[in-house]
Amino acid sequence: MFTDFDREAMQRALELAARGLSTTDPNPRVGCVIAREARIVAEGWHERAGEAHAEVLALRAAAAQAAGATVYVTLEPCSHQGRTPPCVEALLAAGVARVVFAATDPNPQVNGRGAAALRDGGVAVEGGLLERESLELNCGFVKRMQHGRPWVRVKLAMSLDGRTALGTGESRWISGEVAREDVQQWRARSSAILTGIGTVLADDPRLDVRPAEAAEPGARQPLRVVLDRHLRTPPGARLLSAGGEVLVLTAQSSLKDVQSGMRLTAKGVRIETVPEENERLSLGAVLDRLGELEVNELQVEAGPTLAGELVRQSLVDELLLYVAPKLLGDEARPLVKLPEPLQMSEALGFALIETHQLADDLRLRLRPRVAAARPE
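Position labels on residues start from 1 in each chain and follow its written sequence. Local features are withheld for residues below a pLDDT of 70 in this predicted model, meaning they are given only at 70 or higher, and side-chain atom pairs are given and counted only at 80 or more; totals for whole chains, interfaces and linings count all residues. Excluded from the side-chain calculations are hydrogens and water; all other atoms, namely the structure's heavy atoms, are used.

(A) The overall build of the protein, seen in detail. Across its full length, the protein carries 11 helices and 18 strands. The globule rule used here is 2.2 Å times the number of residues to the 0.38 power, and the radius of gyration it is set against is calculated over C-alpha atoms. For 376 residues, the compact-globule formula gives about 21 Å, and the C-alpha radius of gyration of the protein, at 23 Å, lands near that figure. Relative accessibility thresholds used throughout: buried, under 20% of the residue-type maximum; exposed, over 50%; partly exposed, between the two (1.4 Å probe, protein chains only). Expressed as a percentage of its 376 residues, the buried residues of the protein come to 50%. Contacts are residue-level and defined by heavy atoms, with any inter-residue pair within 4.5 Å sufficient. Put simply, 72% of the contacts in the protein that link residues at least 6 apart link residues at least 24 apart. For the protein, the accessible area works out to roughly 17,500 Å², and carbon and sulfur atoms hold 50% of it. In DSSP terms, a helix is any run of H or I states spanning at least four residues, a strand is any run of E spanning at least two, and both are numbered starting from the N terminus. Only the protein chains shown count as cover for residues, and the accessible areas themselves come from Shrake-Rupley with a 1.4 Å probe.

Put into structure tokens, the structure is as follows:
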């Protein structure tokens, strides 16, 4: 039975974990609080991969006060040797009496083993306190560990009548400055930004995190990924000079165009091939490859064709939708391209999980009512 203080301490640990929102990738965001007699004596959070985990930092801060204390951590302590030593060993060495964690670590190398090792060492262990909040904070890490693919978040901006650009293609700017600044925060927390060659050719986006203040200190630029079946990405594209790594995914047949490939690799671009499906790059194969590259959260910023295809194939976990109080008319371009349902009951449904006003614009977060298809 958890006490009010248990909940307060775990809530504080979650707040600490969120400080690593844009820096811990590909690791999960984890916070830790150490308390004695309903009083917090030390705190820590995981800041970036390869550095000390939250529990270790909190134990260092607690020093001798860790012996006999209760440790609150947002994810089950790790029991395996990864980039850093197991946290379980540090907790046992410090002599803590009790460990309360929010969510079981979905990493198959841990997944209950950490809790079991602590119990075997004589530590009282309880799990499940504010579990939903911890899993939400690490939605991408959880999905990658369980399904081998990233959490797919599709960012879209539209007018009140559901249009994304004028009939001429002009789209700058549907949403206002505050909304555009908000997008930078979502980019910063993402492992990668995905777009299609059509968007690259039409809009020449940078797809980086800017200004630097949009990211936590030490944050990296997300990987930029371009789906380019025929290897048409211009060597002068702005996203190639924005800093950070660029990955172009193409068809095997396109590698015959040696000159185009050499022009891109000379700009530091990594080129990889993925299988084709119905004369398009296989989106399932794309997500599988990004999972192999340890991409936790994937933000898609693309046109209606790619966005619509992701929705149609049930590959979208979340829509990040910015709505501007404007009307663009019948000739303007649609939000997504989808086959029309034969009847209303066949229409794709989404659950609204959050609304947030950004000056004149509204940000909506929506998730499919039917769970996205998962790989076997």
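(B) Region of the structure containing the layout of surface pockets. Detection works on a 1 Å grid of protein atoms alone, calling trapped sets that fit a 1.4 Å probe cavities and calling open sets with protein on both sides within 12 Å along at least five of seven lines pockets, with lining residues defined by an atom within 4 Å of a point. Grid points are joined across faces, edges and corners, and a volume is the space filled by probe spheres set on the points. If you add up the space inside the second largest pocket, you get close to 520 Å³. At the level of secondary structure, the elements contributing two or more residues to the lining of the second largest pocket comprise helix H11 (304–312) and strand S15 (318–323). For the lining of the second largest pocket, the per-class residue count stands at 13 nonpolar, 1 polar and 5 charged. Each residue is assigned to one of three groups, with Ala, Val, Leu, Ile, Met, Phe, Trp, Tyr, Cys and Pro labelled nonpolar, Asp, Glu, Lys and Arg labelled charged, and all others, Gly among them, labelled polar.

(C) Representation of the nonpolar core in the model. By nonpolar core is meant a set of buried Ala, Val, Leu, Ile, Met, Phe, Trp, Tyr and Cys residues that side-chain atoms within 4.5 Å join together. The biggest cluster of nonpolar side chains holds 35 residues, and the ones touching the most others in it are Val-154, Val-225, Leu-227, Leu-298, Val-300, Leu-310 and Leu-321. Sort the elements by how many residues they give to this core and helix H10 (residues 283–292) lands first, with 5 residues. Leu-321 has contacts with Leu-156, Met-158, Leu-335, Leu-362, Arg-363, Leu-364 and Leu-366, leaving out every residue within four places of it along the chain.

(D) Structural context of the pairing of strand S6 (residues 151–158). S6 sits mainly inside the fold: 7 of its 8 residues count as buried. Paired strands are those between which DSSP finds at least two bridges. Bridge count for S6 against strand S14 (residues 297–300) is 4 bridges, and the pairing is parallel. Pairing of Val-154 across the sheet is with Val-300, part of S14. One ladder, built from 6 bridges, connects S6 with S15; its direction is parallel.

(E) Region of interest: the environment of Ala-93. Locating Ala-93 in the fold gives a position in helix H3 (residues 87–94). Judged by relative accessible area, Ala-93 falls into the exposed class, the value being 71%. Separated by 28 residues in sequence, Ala-93 and Gly-121 have C-alpha atoms that sit 9.8 Å apart.

(F) Looking closely at the side chain of Ser-190. Among the structural elements, Ser-190 can be located in the loop between helix H7 (177–189) and strand S8 (192–196). Pairs of N or O atoms are called polar contacts if they sit within 3.5 Å, as long as, within protein, a hydrogen donor faces a hydrogen acceptor (for residues adjacent in sequence, only side-chain-to-side-chain pairs). A polar atom in the side chain of Ser-190 sits 2.7 Å from the backbone oxygen of Trp-186. Beyond its immediate stretch of four places on either side in the chain, Ser-190 contacts Arg-153, Arg-220, Pro-222, Glu-297 and Gln-299.

(G) Representation of the sheet that holds strand S2 (residues 40–45) within the structure. With mixed pairing, 5 strands are arranged side by side in an open sheet as S2-S1-S3-S4-S5. In this open sheet, the two edge strands, each paired with only one partner strand, are S2 and strand S5 (124–127). With direction set aside, neighbouring strand axes in the sheet form an average angle of 15 degrees. For strand S1 (residues 31–35) and S2, the ladder comprises 5 bridges, and the chain directions are antiparallel. Note on S2: the bridge partner recorded for Val-33 is Glu-43. Contacts from helix H2 (residues 54–62) reach S1, S2 and strand S3 (70–75), with the element oriented near 145 degrees to S2. The convention used is that axes are lines fitted to C-alpha atoms, helices contributing only their stretch in contact, and that angles between N-to-C directions extend from 0 to 180 degrees.

(H) A look at H2. Turning to H2, its buried residues are Ala-54, Glu-55, Val-56, Ala-58, Leu-59 and Ala-62. The inward-facing, buried residues of H2 abut S1, S2, S3 and H3. A positive phi of about 55 degrees marks Ala-63, the residue just after H2.

(I) The sheet that holds strand S18 (residues 361–368), seen in detail. Sheet architecture is open: 9 strands sit in the order S11-S10-S9-S8-S14-S6-S15-S18-S17, paired in mixed fashion. If you trace the sheet from one side to the other, it starts and ends with strand S11 (270–273) and strand S17 (350–358), each paired once. Mean inter-strand twist for the sheet, computed between neighbouring axes without regard to direction, equals 25 degrees.

(J) Representation of the environment of Lys-337. You can see Lys-337 is positioned in the loop between strand S16 (333–334) and S17. Note on Lys-337: relative accessible area 49%, which makes it partly exposed. For Lys-337 and Gln-252, which are 85 residues apart along the polypeptide, the C-alpha to C-alpha distance reads 27 Å. For Lys-337, the residues in contact, after removing those within four places along its chain, are Pro-304, Thr-305, Gly-308 and Glu-309.

(K) Representation of the packing of aromatic side chains. Any Phe, Tyr or Trp ring, taking Trp's six-membered ring, that has another such ring centre within 6.5 Å forms a pair; planes under 30 degrees apart are called stacked, those over 60 apart edge-to-face, and the others tilted. Counted under the stated rule, the structure contains 1 aromatic pair. Residues Phe-5 and Tyr-72 carry aromatic rings whose centres are separated by 6.1 Å and whose planes lie at 75 degrees to one another, so their mutual orientation is edge-to-face. Of this pair, Phe-5 sits in helix H1 (residues 4–17) while Tyr-72 sits in strand S3, placing them 67 residues apart in sequence. Judged by relative accessible area, Tyr-72 falls into the buried class, the value being 2%. Definition used: whenever NZ (Lys) or CZ (Arg) falls within 6 Å of the ring centre and also within 35 degrees of the ring normal, the charge is taken to sit over that ring. Sitting above the plane of the Trp-45 ring, Arg-19 keeps its charged end 4.6 Å from the centroid.

(L) Structural view of empty space enclosed by the protein. Within this structure, the stated rule accounts for 1 cavity of 30 Å³ or more. Roughly 50 Å³ of internal volume is contained in the largest cavity.

Without other data, these values stay purely geometric and don't point to any function.
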